[in-house]
Amino acid sequence: AADPLLPRGENGVDGRAVRVGTRRSQLARIQTDSVVTMLRELYPDFRFEIAVAMSTTGDKILDTALSKIGEKSLFTKELENALERNEVDLVVHSLKDLPTSLPPGFTIGAVCKRENPLDAVVFHPKNCGKTLSLLPEKSVIGTSSLRRAAQLKKKFPHLEFRDVRGNLNTRLKKLDEKEDFSAIVLAAAGLKRMGWENRIGQLLGPEDCLYAVGQGALAVEVRAKDQEILNMVSALHDADTVLCCIAERAFMKRLEGGCSVPVAVNTLLKDGQLYLTGAVYSLDGSDSLKETMQTSVTYPHQNEDGPNDDVQHVGITAKNVPGQAQEAAENLGVELASLLLSKGAKHILSVARQLNDAR
């Protein structure tokens, strides 16, 4: 019998093709290829086809700061449309690009093992061997992230920060070929995946810069009702990454933070304890709130067959991670956000949002 995955009458080797959607950028392709490689090893009988269609809104509008476009699903909308029309069966994203509430009908079916989530500084060749603190007064640092700029302005007041947009290739080219920037700040994970780890001049630890929610993790988005694909990709879940990212996303969601406000996190899972540090910042970093909380996530895996098997936690469906552990992680994020809100986070964030809109 024909495989239910193929309503389109396309017959592969044995009639089974799974179509994977990706953005056009080189990094998006590399990330998608890495996920497809894992799937091919797990399911050698299936054919996985990569459909590269999509320049997304975020890829096209390059003259506007990300935080100004204000569209939550900047890099994901077009891909979701293809998913909805059954043109593709799954889509690979950077988890940090996915909003904490997905449109109805979609879910994150897999969160792969996290790459290093820290931010990294890439220096202009003439500043090779330096660190941010050693750069001369008024050196210009490129970053399009309000979160990075807010934290680094506070930490390195002698530096200036300016927007830099475009994909990784474009940004590195701008850095190297012009004299506009002394350095730019990027996610270490992206540089590593592109094979440019040797360009990392300085890794920013949590004491310098907390990272973005979900940074360094890849997410596989699928149709929530597509059990077959959901079961297939769920083998890619990395339990530790799932729990950390659920806590981070729950924190972000409770704060209602998006691209347009500086919200940052740092998570650590050690000996069954999940530690979450979360912070909010004013745009210039002068005003901030930061707290850490922890919870136990050691729970046995119960076979939760029945109506509960599709429970989503902040958009993530992880059947193979204990439900109670996921719940504990989500509660941790909510409680930490509530603590910051009780200390005045709402004011800091709404001022940041207004100032950013006015820029």
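Per an unreviewed UniProt entry, the protein chain goes by the name Porphobilinogen deaminase and belongs to Pteruthius melanotis. If you open the UniProt record of the protein chain and go to Catalytic activity (unreviewed entry), you find "4 porphobilinogen + H2O = hydroxymethylbilane + 4 NH4(+)". Regarding the protein chain, the relevant UniProt record gives this comment under Pathway (unreviewed entry): "Porphyrin-containing compound metabolism; protoporphyrin-IX biosynthesis; coproporphyrinogen-III from 5-aminolevulinate: step 2/4."

**Focus on the state of the cysteines**
By the definition in use, this model includes zero disulfides. Summary of cysteine pairing: C245 is not part of a disulfide, and the nearest cysteine sulfur, belonging to C244, is at 6.5 Å. Given the relative accessible area of 0%, C245 is considered buried.

**Overview of the pattern of salt bridges**
Side chains that differ in charge, positive against negative, can pair when their charged atoms come close. If you walk through the whole model with that rule in mind, you get 16 salt bridges. Residue E179 pairs with K126 through a salt bridge whose shortest N-O separation is 2.9 Å. Here the residue E179 occupies a position in the loop between helix 6 (168-177) and strand 8 (183-187), and K126 occupies one in the loop between strand 5 (119-123) and strand 6 (140-142), the gap between them amounting to 53 residues. Overall, E179 belongs to the exposed group, its relative accessible area being 57%. Residues joined by salt bridges that share partners form a network here, namely R19, R47 and E49.

So, how was this worked out
- Residues numbered from 1 in each chain as written.
- Predicted model: local features only at pLDDT ≥ 70, side-chain atom pairs only at ≥ 80, totals over all residues.
- Heavy atoms only, no water.
- UniProt positions renumbered as here; feature names shortened; annotations may be inferred.
- Disulfide = S-S within 2.5 Å.
- Buried < 20%, exposed > 50% of the residue type's maximum accessible area, 1.4 Å probe, protein only.
- Salt bridge = Lys/Arg side-chain N within 4 Å of Asp/Glu carboxyl O.
- Helix = DSSP H or I, 4+ residues; strand = E, 2+ residues; numbered from the N terminus.

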